[in-house]
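What follows is each chain in one-letter form.
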Amino acid sequence: MKFFYLTKSDRRTIIFLLCLVAVALGVIYFTDSRQETMPLKEVSVKKYDKSRRSHYYKQAESRQPELFPFDPNTADSTQLLRLGLQPWQVRNIYRYRAAGGVYRKPRDFARLYGLTLKQYRRLEPYIQIGEENLPAERYFYAYEPIEERDTVRYPIKLLPEERVVLNVADTTVLRKVPGIGSHFARKIVEYRRRLGGFYKVQQLLEIEDFPETAVAFFIIPDSTQPKRCLHLNSMGINELKRHPYVNFYQARAIVDYRRLYGNLENLQQLRLDRDFTPEAIERLEPYVDFK
């Protein structure tokens, strides 16, 4: 009853506040009831779909890349994923083709958005553009007699039983090896020059990303063994460290040994230096002389 002894303005304020509280409670009750009535099946499906998507991408990321000939104009998503491309890169290829884009030569594939240089170098030897998408000028080379074909521009790949002499082949011959394009042909010639020649074909694997399957096509006859280009008793530090197998510390150790003890007669004299491990001495052996 004390409520009626309040002033008129106080009673209005209290009534207004009670109405606000009632409205707030109604909103809370209505929201909770809607959430409780949401179909459980819909929630579970959403969670299931999300887990499936995450599982799919984990599988795609963990898949071991395979290398095989493919045409980027016709390869499907399964083939592209097997090559080691990411799902989003595959989608970019599909969008490019859907928009009317055509890969007319292997180098066009390098324009794929998001493709790294490492990925392109690995895939380049396996890109085979279908005849219907080749530039028209190649038609004349494709249908000329074999003896008149421009083998410089379009080298014929070696048969499985054929071999290349590693220390004398130029880039034109090297490009005939399956898996070797112009990039790796240049890399082989450059590394051969820096080494002074190869003494075993496994040294090719020291070139970054070199295709291991191509090693079997090379031989090194005894008549083409590497030059002994490291003159340990006359070269300075800068000359010695130009060789891929000699770093700055090894070059300095050689020069210091000559200054303290005289000319070297064999590499075993350096074995006490920590920079000259048995492995380092073994791979230097074919390249050194002591004149």
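For the structure, see preceding data.
Residues numbered from 1 in each chain as written. Predicted model: local features only at pLDDT ≥ 70, side-chain atom pairs only at ≥ 80, totals over all residues. Heavy atoms only, no water.

K.L.:
Help me get a handle on helix H10 (residues 248-261), residues and values and all.
P.N.:
With 14 residues, H10 extends 20 Å from end C-alpha to end C-alpha; this agrees with the ideal 20 Å at 1.5 Å per step. Taken together, the buried positions of H10 are occupied by Gln250, Ala251, Ala253, Ile254, Tyr257 and Arg258. All buried residues of H10 project into a common sector of 160 degrees when viewed along the axis, lining one side. Across H10 from its buried face, at more than 90 degrees, point the exposed residues Arg259 and Leu260. As for H10, its buried residues are in contact with helix H9 (237-240) and helix H11 (278-284). Its side-chain oxygen 3.1 Å from the backbone nitrogen of Tyr249, Asn247 forms the N-cap of H10. Where H10 ends, the next residue or the one after it, Gly262, has phi of about 95 degrees, a positive value. (Helix = DSSP H or I, 4+ residues; strand = E, 2+ residues; numbered from the N terminus. Expected span 1.5 Å × (residues − 1). Buried < 20%, exposed > 50% of the residue type's maximum accessible area, 1.4 Å probe, protein only. Arc of directions from axis to C-beta. Contact = heavy atoms within 4.5 Å. Polar contact = N/O pair within 3.5 Å; in protein donor to acceptor, adjacent residues only side chain to side chain.)

K.L.:
Before we move on, could you go through the pattern of salt bridges and cite the residues and values that matter?
P.N.:
Counting across every chain of the model gives 4 salt bridges. Of the charged contacts in the structure, one is a salt bridge between Arg82 and Glu66, with a shortest N-O distance of 3.1 Å. Residue Arg82 is located in helix H3 (residues 77-82), and its partner Glu66 is located in the loop between helix H2 (40-62) and H3; the two are separated by 16 residues in the primary sequence. For Arg82, a relative accessible area of 30% gives the class partly exposed. Residue Lys105 pairs with Asp108 through a salt bridge whose shortest N-O separation is 3.3 Å. Classification of Lys105 by relative accessible area gives partly exposed; the value is 44%. For Asp108, a relative accessible area of 6% translates into the label buried. Overlapping salt bridges, with partners in common, bring together Lys105, Asp108 and Arg111 in one network. (Salt bridge = Lys/Arg side-chain N within 4 Å of Asp/Glu carboxyl O.)

K.L.:
For the nonpolar core, give the residues involved together with the corresponding values.
P.N.:
Counting residues in each nonpolar core, the largest one holds 40 residues, and the members touching the most others are Ile188, Phe210, Phe218 and Leu230. For this core, the secondary structure elements donating two or more residues are helix H8 (182-195), H10 and H11. The element that contributes the greatest number of residues to this core is H8, accounting for 5 residues. When neighbours within four sequence positions are excluded, Leu230 is seen to be in contact with Met235, Leu240, His243, Val246, Leu284, Tyr287, Val288 and Asp289. In terms of nonpolar packing, the next biggest core, distinct from the first, is built from 18 residues, Leu80, Leu85, Leu115 and Leu123 among them. (Core = buried A, V, L, I, M, F, W, Y, C linked by side-chain atoms within 4.5 Å.)

K.L.:
I'd love a proper account of unusual backbone geometry, names of residues and values included.
P.N.:
Positive phi, close to 65 degrees, is recorded for Asp209, a residue that is not glycine. Counting through the fold element by element, Asp209 comes out in the loop between H8 and strand E2 (218-219).

K.L.:
Can you break down the side chain of Thr224 residue by residue, with the values?
P.N.:
Looking at the secondary structure, you find Thr224 in the loop between E2 and strand E3 (230-231). When neighbours within four sequence positions are excluded, Thr224 is seen to be in contact with Val165, Asn167 and Val168.

K.L.:
Requested: an account of helix H4 (residues 87-98), with residues and values cited.
P.N.:
Taking 1.5 Å of rise per residue, 12 residues should cover 16 Å, and H4 covers 16 Å from first to last C-alpha, within 8% of that figure. Every buried residue belonging to H4 is among Pro87, Gln89, Val90, Asn92 and Ile93, and all of these are buried.

These values are about where atoms sit, not about what they do.
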